[in-house]
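Okay, here's what each chain looks like letter by letter:
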Amino acid sequence: MNAGGGDPLRVLLTGAAGYLGSHVQRALRAAGHEVIGVDFLLESVHGPNPAVPEDVHRVDIREHEALEPLLDGVDVVCHLAAAVPLPQPRGPAPADPANSPLSQEFPRSLLGHGGQGPRGDGHRGPVTAADTTSERESGPGTGPCVRAPLGAGRSSERAGMDGMRWAALYATHNDAGTAVLLAAMERAGVRRLVLGSSVAVYGEGRYRGARGGVFYPGLRRRRDLDRGMFDHRELRSGDVLTWEPMGEDAPLRPRSAYAASKVAQEHYALAWVANTGGNAAVLRYHHLYGEPVADGRHVRSAESGVAARFRAELLAGRPPQVFEDGGQVRDFVQVRDAAVATVAAVERPLPGFVPLNIASGRPLTLWEVASTMAKAVDGPTPVVTGHCRVTDIRHVVAHPERARQALEFTARTLPAAGLAEYALRGAGRR
């Protein structure tokens, strides 16, 4: 018997060696399930010549010949593998993209005009990782309002979002990989899917106006951002809109190529449900943080996200740099809690296509996050930079009630306490 009270399940877990995937694999095995773990183990994520863990098969899920034999007898597929944006190391860009760590994951013909690889100035490029965290937020100076001319206003001067530069990479891994996997599942007769998605699919959050109307606003106006007016406003009255939690039926309006690829994954899953009669639980993880599984391997995706950036800045003795006015609201979920929610989705079949917000339900501003982490390590006070990006999301907070009802999941770790512990561990203190 497993922890969920049913018979042990045979689970195919994609992205099993990554940040979230390794936690999920450990939790599934602890619950008594049989896990077939697969991962591409790219050098850009796991370092040069990565050792393949004993409990993981090195498989590219876009290659159905390697994938299909592993589906024999599988009860449920937990699909966490995805290409995600990660910081690139500083240094000169490779003269030949074939020598870039990205070359193993992205066909040279799709690298775009001139075949250029990732820039060497800290620009974020994507890597394939077993990680489905929400939209990344880069460090200070790496993210301007992307339509800004040089020297304009309060905007930073370098592109912070990937734009569409890496759209083909996300499509070839996230979209095509999911399509190949679902086709293989259909042929093998596997009818249960747990898909790792992201809060990034929503784009901007849900708001309410002063007169009670619900708004899902688009991009903020550049002239407002340059004047330090970061909150969304009603176009006619100019009244500031107030954020409120949103449910899973909110519109999906991705702001980046990565987010668009996650929406595409969900759409493929929905089509698979309609055509096969299968069941798909879609887990929209909010901002994940916490330590990776301690197995001696280095997983770069564990160092991604705004909380990881704040911790790295504190570890270096620098004050955390907070964009805009620090009032942006987010929900942070400890990675072990996210693994618990994922195991619950594996163990509890849900009928049809069911998206679920995996969130703590305790939102914080980015200033609160930075301050909490700084105080935990007696570090320098965070600095509000005023840097802005047109494509950035002001507030995005989701309602976790559906996950509580469907999965009996409630995050165990309060974000304030969990983020403080995370900062302390980064400083080598317990």
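Here, the structure is the one placed above.
Since this is a predicted model, take the numbers as computed values, not measurements. (Residues numbered from 1 in each chain as written. Predicted model: local features only at pLDDT ≥ 70, side-chain atom pairs only at ≥ 80, totals over all residues. Heavy atoms only, no water.)

1. Considerations on the overall build of the chain
Definition in use: The numbering of helices and of strands both runs from the N terminus, where a helix is a DSSP run of H or I of at least 4 residues and a strand a run of E of at least 2. Partly exposed residues are those whose accessible area sits between 20% and 50% of the maximum for their type, while under 20% is buried and over 50% is exposed, using a 1.4 Å probe and protein chains only. Calculation of accessible area relied on Shrake-Rupley with a 1.4 Å probe; when residues are assessed, cover is drawn exclusively from the protein chains displayed.
Each helix and strand in the chain was counted, giving 11 helices and 18 strands. Relative to its 430 residues, the chain shows a buried fraction of 57%. Surface accessibility of the chain: about 17100 Å² in total, with carbon and sulfur atoms responsible for 52%.

2. Comments concerning the side chain of Ser198
Put simply, the rule is: Under this definition, polar contacts are N or O atom pairs within 3.5 Å; protein pairs additionally need one hydrogen-donor-capable and one acceptor-capable atom, and for neighbouring residues in sequence, both atoms have to be side-chain atoms.
Relative to the helices and strands, Ser198 resides in strand β7 (residues 192-198). Within the structure, Ser198 has its side chain in polar contact with the backbone nitrogen of Ala200 (distance 2.9 Å).

3. Here we look at the packing of helix α7 (residues 306-315) against helix α9 (residues 366-376)
Axes are the key here: two packed helices are described by the angle between their axes and the distance separating the axes. Spelled out, the test is: Each axis is a line fitted through C-alpha atoms, and for a helix only the stretch in contact is used; angles between axes span 0 to 180 degrees, taken between their N-to-C directions. Here roughly perpendicular refers to angles of 65 to 115 degrees, roughly parallel to angles under 35, roughly antiparallel to angles over 145, and oblique to all remaining angles. Here a crossing is called left-handed whenever its near helix is offset anticlockwise from the far helix by less than a right angle, and right-handed whenever the offset is clockwise. Contact definition: two residues touch when any of their heavy atoms are within 4.5 Å. When residues are sorted by character, Ala, Val, Leu, Ile, Met, Phe, Trp, Tyr, Cys and Pro go into the nonpolar class, Asp, Glu, Lys and Arg into the charged class, and all the rest, Gly among them, into the polar class.
Between α7 and α9, the shortest axis-to-axis distance is 10 Å and the interhelical angle comes to 40°. Taken together, the axes of α7 and α9 are oblique relative to one another. In this structure, the crossing between α7 and α9 has a hand that is right-handed. Along its contact with α7, which presents Val306, Ala307, Phe310, Arg311 and Leu314, the element α9 presents Leu366, Val369, Ala370, Met373 and Ala374. Across the contact of α7 with α9, the residue classes tally to nine nonpolar, no polar and one charged.

4. Section: helix α11 (residues 415-426)
Counted only if it meets this: Given the number of residues in a helix, its expected span is that number minus one, multiplied by 1.5 Å.
For α11, which comprises 12 residues, the first-to-last C-alpha distance of 16 Å matches the rise-based estimate of 16 Å (1.5 Å per residue) to within 8%. When we look at burial in α11, the residues that qualify are Pro415, Gly418, Leu419, Ala420, Tyr422, Ala423 and Gly426. Looking at the packing, one finds that the buried side of α11 touches β12 (287-289), α7, β15 (332-334), β17 (364-365) and α9. One or two positions beyond α11, positive phi appears at Gly428, with a value near 80°.

5. Concerning the sheet that holds strand β11 (residues 279-285)
What counts, and what does not: In short, DSSP must find at least two bridges between two strands for them to pair.
Spatial strand order, β3-β2-β1-β4-β7-β11-β16: seven strands in an open sheet with parallel pairing. Every other strand in the sheet has two partners, leaving β3 (56-58) and β16 (353-358) as the edge strands with one partner each. Each strand of the sheet is rotated relative to its neighbour by a mean of 20°, with strand direction disregarded. As paired strands, strand β4 (residues 76-79) and β7 are joined by three bridges and run parallel to one another. Looking at β7, one finds that His79 is bridged to Leu195. Each of β1 (10-14), β4 and β7 touches helix α4 (residues 167-188); the most contacted strand, β4, lies at about 175° to it. Against the sheet, helix α6 (residues 257-276) makes contact with β4, β7, β11 and β16, and its axis sits at roughly 160° relative to β7, the strand it touches most.

6. Here we look at the pattern of salt bridges
The test is simple: Any carboxyl oxygen of Asp or Glu within 4 Å of a side-chain nitrogen of Lys or Arg constitutes a salt bridge here.
In the structure shown here, the tally under the stated rule is 23 salt bridges. Residue Arg284 pairs with Glu266 through a salt bridge whose shortest N-O separation is 2.7 Å. Linking Arg284 in strand β11 with Glu266 in helix α6, this pair joins segments that are 18 residues apart in sequence. Accessibility classification places Arg284 together with Glu266 in one group, the buried group. Put simply, Arg348 and Glu408 hold a salt bridge, and the shortest N to O gap is 3.8 Å. Taken together, the residues span a long stretch of sequence, with Arg348 in the loop between α8 (335-347) and β16 and Glu408 in the loop between α10 (401-407) and α11 at a distance of 60 residues.

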